[in-house]
Structures are given as structure tokens and as C-alpha cells.
Amino acid sequence: MAPPGQVPSTRRDFRLLWTGETVSGLGNSITAVALPLIAVVVLDAGSTAVGLIAAAVWLPWLLVGLPVGAWADRMRKRPLMITCDLVSAATLLSIPLAAWLDALTFAHMVVAASICGTAAVCFNTAYHSYIPIVLDGRDLLEGNAKLQGSEAATQVAGPGAAGLLAQAFGAVTALVADAVTFLVSAVCLKRIRAVEPDRAPDEARVPLRRQITEGLLFVGRDRYLRPMVTWGALINMALMGYQAVQVVFLVRTVGLNPAMVGLLLTSGSTGGIVGALVAGRVSRRFGTARGLLLLQVATAPFALLLPMTTAGPGLLLFATGAFLVGIGVSVANIVVGSFRQTYCPPRMLGRVVATAMMINHSTIPLGSLLGGVLGDAVGYRTAMGIMTGVVALSWLVLVMSPMRREHDLPRTHEPEQAHAEGPKQRR
């Protein structure tokens, strides 16, 4: 237990981390809208070019996700995160600077998106490993809930802010706002006082390939992490699959105007905010394992309401489905993230986080492609039905895992042999 004198410092450090992440998250939401706008308005790019820019942001997870996890376990987290913030800020500022000099090219935007994507891989991997350093283990669930809630809130406010900035000052100027948020994040991180533990001297001498393999095997062999990662990859594919079609579905099939589409799409992010607010209560009332399963069983099937959407009162079907799915996904992110941070050995947390996120993110482009192909092949409503059907059944992956027999997820990792012998000892 931490001495009483450390509590204010811990809270101060978390507030700085929370503030920096919230501001940076708002900037990222702005960039998600501003980058495509710049490509279309300034460079007159088509949909394929915009898709390539989006792919450049996600591709680094597949290319460098695993080695970054090993590197993050070898070095101090805060300097790495500050460096990533500064690199991202400089890269984003290069785009408006080039545009004002009439020198912006499509290649410049793809390279910038790749650099920012790589910085995001490094930052997020170190960030998830850094939270347990700032927070006491007992406060992790509450802290992750606050961070998840802020992320969901910025996803609601960010696109609207981007639209207003682009309308008032131009899409290029809107991108400057994101660069500033990265600088704010760097300043907040610089002011954190928490001291990171020293690494074992012999750990840096372990070959990188061996460390990467250890992380993969740890996730692949663990009876809790393995189904969690499988579920995450499956639901990410299904979520991105229907999200790739939903705008076209709402405009061309349901017949909505852009303003109404934007309003409906905030339902999922609003559900994410509510999920962050109730995650702690659900976990305390039902247990972390049982609460996670109950929320997935109770919310995921409502995804089937989305393809049933019609004009008029039928729009409530989309809003309700997106809202409840958003709650389930938000609670799962909080519980699973908190579980990893307490369950995994600290020396391996970076590799475990990177392995899980690499696998989960790898299905995002696959889901987008699959949803788009299905939309053109069988129609938008049918494609929505197929992908939301996968979301509705995704909870089966978790139910078939050992957590169905648990009230709470374990707080520390135990060898598989101990799990195998446990039931015999209790009989």
C-alpha cells in the first residue's frame, strides 16, 4: 500500500495523463476528418486515394507492432511517449506548411500518415504499459474507465469541431489544431513525477526476436488472453465491416441527409461514454469476468437492429442498436485493458499489449474491405445484416472461454499447470 503522502502525487500524475490524452484524443478526431478533407479539397483526390491515406495510418500496426512491444519493454515509457508526441506534431505541421507554400503532394500526405501511424503504435504500446506506473493497481479499473470515457467523448465532439474549424478557417488550418494537442500532451507527460522502475541489466541483452516470441507465446498459450484477443479481432472485423457500409446504407437505402447521418453516427460514441460510466459499477456488482460476459450477451445482439433501420420512426432502431453496442464495446475495452495491466508480468506488458493490439488491428482493413465488397455484391442492407450478425454472435467466443466459470478475472498470472491442478485440489 502506498504511503499516504504519495496519494496526492498519484492523483496529480493521473490528472496530467488524463488531460493530455483527452486533448490529444480530440485532436486525433479532428484529424480523422481534416486529412480526407485536405486530400479532397486541396489535392482533388478520389475515394481510392483517401482510402490509401487511411490504410497508411493502420499499416504500421502490422509492420512494426511486435518489435515495438519488445522495444517498449526495454526502455522507459515517458521519454518514448514524449518523443512520439513531438514527432507527430512536427509531421502534422508539415502538411499545412507545404499547402501554404503550394508544395503539398499526395505522396507527402501518405508519408505523413505513415509517420503518425508509426508514432501512434509506439505511443499506445508504451501508454498502456505506463498507466500501471501512474496508478495503484486498485485504481486501474476506475482510471481506465475515465480514459475510455474521455476517448468516447472526443469521438463525439471531434468530428463536429473539425467541421466547424474547416468551415471557418479551412481544412488545412484545422490540422494545426491537432498538432497543438500533441504539444499539450507532451507538456502534460513532462510534468508527471512518477518514477519508472529500473529494468533488469540482463534484459537488454536478450535478442529482440526472442522477446517478440515470448510475447506471442504468452498471449497464445494463456487461457484468458487467447480468447480475449480472438474476440477482439473478430468484433473489430465485424464492426469495421458494417461501418464501411453504414453511411452509404443510410444515405442511399434509408434516404437520409448528411446532417441526420452524422447525428445517428454519434449514437455509438454516446454509448461508449455511458459504458465508461457504468463499467466500474457492473464489475463491482457482478464481478469483472461475469460482468463482462453479461454485458456482451445483453448488448451485442442489438446490432441486428441496424440493418432493420427505415426512415421516420425506424431511425430509432439504428440509434438504439448503435448505442447499446457502444456500451458493450466500451465496458469490454475497460475491463480487458485493466485485466492485462494487472495480470501480465510488468517486464512483458509492452509485448503483450503490442501483440494483442497488432492482432486486433490486423482485422480492421479486412473488415472494411469485406463490408465494401458485400455491399456492392449483395446490397447495402444485406451486407449490414451479415456483418452485424457476426457482432451479435461474437460473445460466444468469450462464453466458451474459462472466464464463464469465474466471478472475477485473476489479478496475477499463474502457470497453466496450476490452473489444471486447481480443480482437483478443490474437489
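Residues numbered from 1 in each chain as written. Predicted model: local features only at pLDDT ≥ 70, side-chain atom pairs only at ≥ 80, totals over all residues. Heavy atoms only, no water.

> It is not clear to me how the pattern of salt bridges should be interpreted in this structure. Could you clarify?
Pairing is possible between side chains that carry opposite charge, provided their charged atoms lie close to one another. Taken as a whole and judged by the stated rule, the model has 3 salt bridges. For D13, the salt bridge is made with R12, and the minimal N-O distance between the two is 3.4 Å. With respect to class, D13 is no different from R12; both count as buried. (Salt bridge = Lys/Arg side-chain N within 4 Å of Asp/Glu carboxyl O. Buried < 20%, exposed > 50% of the residue type's maximum accessible area, 1.4 Å probe, protein only.)

> When you look at the nonpolar core in this model, what are you seeing that I'm missing?
The biggest cluster of nonpolar side chains holds 85 residues, and the ones touching the most others in it are L17 and M403. With 15 residues, the single largest contributor to this core is helix α11 (residues 315-343). Once residues lying within four places of it in the same chain are set aside, the contact partners of L17 are M81, Y127, Y130, I131, V134, L189 and I192. In terms of nonpolar packing, the next biggest core, distinct from the first, is built from 23 residues, I30, I95, L104 and F182 among them. (Core = buried A, V, L, I, M, F, W, Y, C linked by side-chain atoms within 4.5 Å. Helix = DSSP H or I, 4+ residues; strand = E, 2+ residues; numbered from the N terminus. Contact = heavy atoms within 4.5 Å.)

> Mind showing me how you'd approach the packing of aromatic side chains here?
When we look at a pair of aromatic rings, we describe it by the centre distance and by the angle of the planes. A full pass over the atoms with the stated rule returns 5 aromatic pairs. Pairing F123 with Y127 gives two aromatic rings, centres 6.0 Å apart and planes at 20°, and the pair type is stacked. With F123 and Y127 both in helix α4 (residues 106-134), this residue pair falls 4 residues apart, about one helical turn. Note on Y224 and Y343: the rings are 6.1 Å apart at their centroids and 80° apart in plane angle, and the pair reads as edge-to-face. Here the residue Y224 occupies a position in the loop between α7 (208-221) and α8 (225-253), and Y343 occupies one in helix α11, the gap between them amounting to 119 residues. Both residues of the pair, Y224 and Y343, count as buried. Three or more aromatic residues link up through ring pairs in this structure, and these residues are Y224, F339 and Y343. Sitting above the plane of the F286 ring, R285 keeps its charged end 5.0 Å from the centroid. (Phe/Tyr/Trp six-rings, centres within 6.5 Å; stacked < 30°, edge-to-face > 60°. Lys NZ or Arg CZ within 6 Å of the ring centre and 35° of its normal.)

> Whenever I open this one, the side chain of T91 confuses me. Can you help?
Position of T91 relative to the elements: it lies in helix α3 (residues 77-100). Not counting residues within four places of it along the chain, the set of residues in contact with T91 comprises A112, I115 and C116.

> Before we go on, may I ask you to explain the packing of α3 against helix α6 (residues 171-190) in this structure?
Describing two packed helices takes the angle between their axes plus the distance from one axis to the other. Running from N to C, α3 and α6 point in directions that differ by 160°, and their axes come no closer than 8 Å. Judged by the angle between their axes, α3 and α6 are roughly antiparallel. Of the two possible hands of crossing, α3 and α6 adopt the one that is left-handed. (Axes fitted to C-alpha atoms, helices over the stretch in contact; angles between N-to-C directions. Parallel < 35°, antiparallel > 145°, perpendicular 65-115°, else oblique. Left-handed = near helix turned anticlockwise from the far one by under 90°.)

> Could you clarify how one ought to interpret the packing of α4 against helix α12 (residues 349-378) in this entry?
The geometry of α4 relative to α12 is characterised by a closest axis approach of 9 Å and an angle of 130° between their N-to-C directions. Judged by the inter-axis angle, α4 sits oblique to α12. Of the two possible hands of crossing, α4 and α12 adopt the one that is right-handed. Residues N124, T125, H128, S129 and P132 of α4 pack against L349, G350, V353, A354 and M357 of α12. Counted by class, the contact of α4 with α12 contains 5 nonpolar, 5 polar and no charged residues. (Nonpolar A, V, L, I, M, F, W, Y, C, P; charged D, E, K, R; others polar.)

> I keep staring at unusual backbone geometry and nothing clicks. Help me out?
The phi torsion of most residues other than glycine is negative, and most of the peptide bonds are trans. Despite not being glycine, D102 has its phi angle at roughly 60°, a positive value. Take D102: it is sitting in the loop between α3 and α4.

> In this structure, what is going on with a nonpolar patch on the surface? I would like to understand it.
Together, L37, V41 and V42 give the surface a local cluster of nonpolar side chains, amounting to about 240 Å² of exposed area. Structurally, the position occupied by L37 is in helix α1 (residues 7-41). Using a relative accessible area of 32% as the deciding quantity, one classes L37 as partly exposed. (Patch = residues over 30% accessible without salt bridge, like charges linked within 9 Å, V, L, I, M, F, W, Y side chains within 5 Å. Areas by Shrake-Rupley, 256 points an atom, 1.4 Å probe, with all protein chains shown as cover.)

> Just checking my understanding: could you explain helix α10 (residues 288-299) for this structure?
Side chains that are three or four residues apart share a direction in an α-helix, a result of its 3.6 residues per turn. Its 12 residues place the ends of α10 16 Å apart at the C-alpha level, agreeing with the 16 Å of an ideal helix rising 1.5 Å per residue. Listed as buried for α10 are T288, A289, G291, L292, L293, L295, Q296 and T299. (Expected span 1.5 Å × (residues − 1).)

> For this particular structure, what's the right way to read the confidence of the model for the protein chain?
Low pLDDT marks regions whose predicted coordinates should not be analysed in detail. Mean pLDDT over the protein chain: 80, with 84% of residues reaching 70 or higher. When the criterion is pLDDT under 50, residues 1-8 qualifies, and its contacts beyond four places in sequence or with other chains add up to 1 contact. Note on residues 417-427: pLDDT is under 50 here. Beyond four places in sequence and across chains, it has 3 contacts. (pLDDT = per-residue confidence, 0-100.)

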